[in-house]
Every structure is written in structure tokens, then in C-alpha cells.
Amino acid sequence: MSVIVWFRQDLRLADNLALAAAVETGEPILPVYILDKEAMLGGASRWWLHGSLEALGGELEKRGAPLVLRRGLAADILPSLVAETKASAVFWNRCYEPTAIARDTTLKASLAASGIAAKSFNAGLLAEPCEVQTGGGGPYKVFTPFWRSLAARAPFAAPLRAPKNLRGLAGIASDDLSRWNLRPAKPDWAGGLRTAWRPGEKHAAARLSYFLDELVVGYATMRDLPAVEGTSRLSPHLHFGEISPRQVWAAADAVSRTTPEASSGVMSFLREVGWREFTHHLIYHWPEMVDHAWKPEFEDFPWAHDDALLSAWQRGRTGYPIVDAGMRELWSTGYMHNRVRMISASFLVKDLLIQWRHGAEWFEDTLVDADIANNRAGWQWVAGSGVDAAPYFRIFNPVTQGEKFDADGQYIRRYVPELVRLDNRYIHRPWEAPSAMLAVAGIELGATYPKPIVEHARARARALAALASIKKG
DNA sequence: GTCTCCTTTTA
DNA sequence: AAAAGGAGA
């Protein structure tokens, strides 16, 4: 007899309820990770996954239960592992994306039908989608009431410690992680990712501590400045489950108790954790939101498909420095500061009138924290096609946003070296700079750096007209 | 029905 | 100062 622990987006030992439950049974444990051959993981996510599995595998091995890697479909692999190991149970922590729910529901039924105890747990959210309801019994559609209702459930269960020792099973074949080719080889484009990130549970915990010790005090104001290290940068760790939201909550809450001057920073940080909960809540209750606009009238939106413009956006060659800096940060580090995500997303959807789904797909290809719920709900927020009653004027101005949040152009200069010598006054609008100043800075618009691919004022008017054209009534 | 409120906005 | 429209109590 033995218990299989199926790891998915919970690549950690601490506060892992499925693992803890398996330990509790007293049976030998077989930890397994299955690389779904049908899952379309983006390149940056694949890179991260390699590091995360390497770290998890090392820790499990140290404790006596090495991680077994298999590739294929869980529906094929788990039953065959059950047979191979004479397992009596399979435990896992729940995921909330529609495709994962469909897969897990079927699997649970078929395992149960063959007499296997298939048990799932919540180790990924502070509260599961069905646990947070409006007074009328339905799901929330507005963040603030959702957040109030979620926060009222605190304190949350205390996070569990990692098990010290595990009883493993010997002789179960595993794939070789390096053969999965999750890391890019030819060419190896992951240099920027390696510089920016350290995947794995240990690094997730270290990052949380560092953030709470050094940054959270200033979080409320610094979090909006892309040039500054002011955010937690925990998103990829949370996405892969190297750290749990309960661990984050507990640690942040403890800081605000011991350090009152940090409490407002902690509050605004936890609110962002609340946004992660909210997007998972939305995607759970409206799974069609993953691929379709939540607001049906957006089916008729006059999108302007243009591959050349899409590609200019993807490559960071729009001629708007804040957008280009963001897109290049994404390309080189697998990450983009949240403020800039909003600006560049608004630019794609409103200024270029390109369907939000193209943007969402690009982000999922390139982000280390690519997360269906956060990403799709975020894009729909920007597009105005999501649940919130979006003001029609939710159109970011790339120049004023740049001037407001990157006043000295430090962020621009970091990622758009062509503009490094341009005077601050024009760093966010090089096309208005006097030609002598451009010459001194070594810039030739249209050659060394693009001219704006659209004129924002005109693009804004066009977006407003497009939005008006689909208005109900 | 009434009242309040709404991450990120714009000009 | 203005902005659409609706959620939530």
C-alpha cells in the first residue's frame, strides 16, 4: 500500500495539504509530477518549471521520497502508477482553471470507480470560489465587496510546516528532467531570466522575507514605480505554488502586528493578493471568460487586426518609450512591472484596437508568472470587456503615464538604450524633441528608434468611437 | 426603491 | 471636475 501525491501548481513542501495528508496516512509516499503533453506552456514558464521541479526534486530526495517525473496525460499515467505501486490513494491540491477542473473531475471519478481514494485539497487560495458569496448567494463581480468579504474570513488556517522526513518508495522509474528540454538550448535566450530570478520554494520564502523586511513599508507608493524595486515579485512563485497565499498572509500579518508603521503597506500588499483570489474566483464562476469577452456586446467589437502592428508591440517598437520599455523588460526578463502591464495592454487594445486575446497569448508565452486567471481577467479589465463596469475612458495615455510613474526616465533608459542620452523633458515623447537635441542624443527617429506607430490622440478617439458602436441600446 | 461606492482613468 | 453603469447592502 502507498499513497501517490500528485504535484501540479503546488511545487513546495511547506503548507502543502495533499502532502501533509499523505504523511498522515503513515503509508509510503510516491510524489509525482506529470508534464501534460497537451498543455501549451510558454517558453518562460517552461524555463521556470525546470528550476522549480529541480528544487522540489532535490528537497523530496533529501527527505527520502524522490520525485517521479512522467510525461503524458494524467488520465493515463496516474492509473498505471497506481497499478505499479499498489497505491490505495491519490492526493492532490486543487487547481481552478476550467481545463484543470475538467481533467481532475473526470480523473477523480474514474479513480474512485476503481476503488482508489482520490482526495483533493485547497492549498492554493485563501478561500475557494464557492466559499465567498454575496448576501444574495451569488458570486461577487466587484472587487471591493469581494475583498471585504474575503478579509472578514481572516484569520486563515495557519500554514503547515514542511515534513522533515518522508517514507518513499524505491524502484519507480522517472523521466530525466533535463530530457524534457524545458530550458532553451539553441539559442539559449534565458540569460536575462537567470539574472532576474531564482525559482524554487527556498527562494520564494527568502523573497517574501526580504520584501517584508525591506520593501513593504514603502509598498503603497513605491509599487507604482517601475524603475524602483518596490513590489514583492512573488507572482511566479505563487503561480507555481512555491509559496502559498496562506504563508504570505500569515507572514505579512505578523509584520503589521510587530511593525505598525508597515501596516498600511501590508494592507495594500494583501489587497493585491486579494486580486489574485478575485481573478481565480471570476474564472471559476465564469470559465468562458478565459476565451471570450465576459460582456457579450464585445463579440461585435470592431477589432483592427494588423500583424505588423502586433509585432511592433511585441518587439517593443511602438515608438512610445514606456510601452517599448515594458515589452522589452518582458522579453528579456520574463516579467513586466504591473503598472507597465496596464499601460502596454491598454496601448494594444485601445490604441492599436487589437483583440485583447492576442495580448493575453503573448503574455502567456513570455511571462514567468503566466497565470490564466490573473492574465485573462487582467486583460479583460483593461479591454473593458470584463465584469467591472468599465468607464469608457479607461484609456491610458502612454506619455502622461510615463511622466507620472517614471518621471526621470530611469526605467526607459534601462530597457530602451537607444534613448539613453535623451533629455528627461522628452524621454517619454521623443517625437517632440527638437532635432538638435535628438542629434546630440544620437537618435534618428525612424532609424535608431521608431516614430510613434499611431498618434495617441487620434487612436483614442477611434477607440471611443469603437466602444460607442457596441454600446447596448 | 435608496444610497454608496468603484485599483489602476481622462481633460 | 467629470465619467457609465451597476453591484451590493
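Model, not experiment: these values are computed from the prediction.

How each quantity is defined
- Residues numbered from 1 in each chain as written.
- Chains lettered and ligands numbered in written order.
- Predicted model: local features only at pLDDT ≥ 70, side-chain atom pairs only at ≥ 80, totals over all residues.
- Heavy atoms only, no water.
- Salt bridge = Lys/Arg side-chain N within 4 Å of Asp/Glu carboxyl O.
- Helix = DSSP H or I, 4+ residues; strand = E, 2+ residues; numbered from the N terminus.
- Buried < 20%, exposed > 50% of the residue type's maximum accessible area, 1.4 Å probe, protein only.
- Core = buried A, V, L, I, M, F, W, Y, C linked by side-chain atoms within 4.5 Å.
- Contact = heavy atoms within 4.5 Å.
- Axes fitted to C-alpha atoms, helices over the stretch in contact; angles between N-to-C directions.
- Parallel < 35°, antiparallel > 145°, perpendicular 65-115°, else oblique.

Participant: Mind showing me how you'd approach the pattern of salt bridges here?
Facilitator: Oppositely charged side chains are able to pair whenever their charged atoms sit close together. Applying the stated criterion across every chain yields a total of 24 salt bridges. In this structure, aspartate 15 and arginine 246 form a salt bridge, with 3.5 Å as the shortest nitrogen-oxygen distance. Here aspartate 15 is found in the loop between β1 (2-7) and α1 (17-25), whereas its partner arginine 246 is found in helix α10 (residues 245-258), with 231 residues between them in sequence. Taking relative accessible area as the criterion, aspartate 15 reaches 1% and is therefore assigned buried. Taking relative accessible area as the criterion, arginine 246 reaches 9% and is therefore assigned buried. The closest approach of N and O atoms between aspartate 253 and arginine 257, which form a salt bridge, is 2.9 Å. Here the residue aspartate 253 and the residue arginine 257 both occupy positions in helix α10, the gap between them amounting to four residues, near one helical turn. Relative accessible area serves as the criterion here: at 23%, aspartate 253 is assigned to the partly exposed category.

Participant: Would you explain the nonpolar core in this entry?
Facilitator: For soluble globular proteins, nonpolar side chains are generally found buried alongside one another. Ranked by size, the top nonpolar core spans 57 residues in total, and within it Trp313, Phe363, Trp379 and Leu422 carry the most contacts. Breaking this core down by element, the ones donating at least two residues are α12 (307-315), α13 (321-333), α14 (338-351), α15 (356-366), α16 (372-383), α18 (410-415), α19 (435-440) and α20 (456-469). Element by element, the count of residues in this core is highest for α14, at seven residues. Among all residues touching tryptophan 379, those that are not within four sequence positions of it are Trp313, Ala345, Leu348, Val349, Trp356, Gly359, Ala360 and Phe363. Formed by 37 residues, the second largest nonpolar core is a distinct cluster that contains Phe269, Leu270, Met289 and Val387.

Participant: Sorry, what's going on with the packing of helix α11 (residues 263-285) against α16 here?
Facilitator: Each pair of packed helices can be summarised by the angle the axes make with each other and by the distance between the axes. Contact geometry for α11 and α16: axes closest at 8 Å, N-to-C directions at 85 degrees. Regarding the angle of α11 to α16, the classification is roughly perpendicular. Contacts from Trp275, Arg276, Thr279, His280 and Ile283 of α11 reach α16 at Ala373, Asn374, Arg376 and Ala377.

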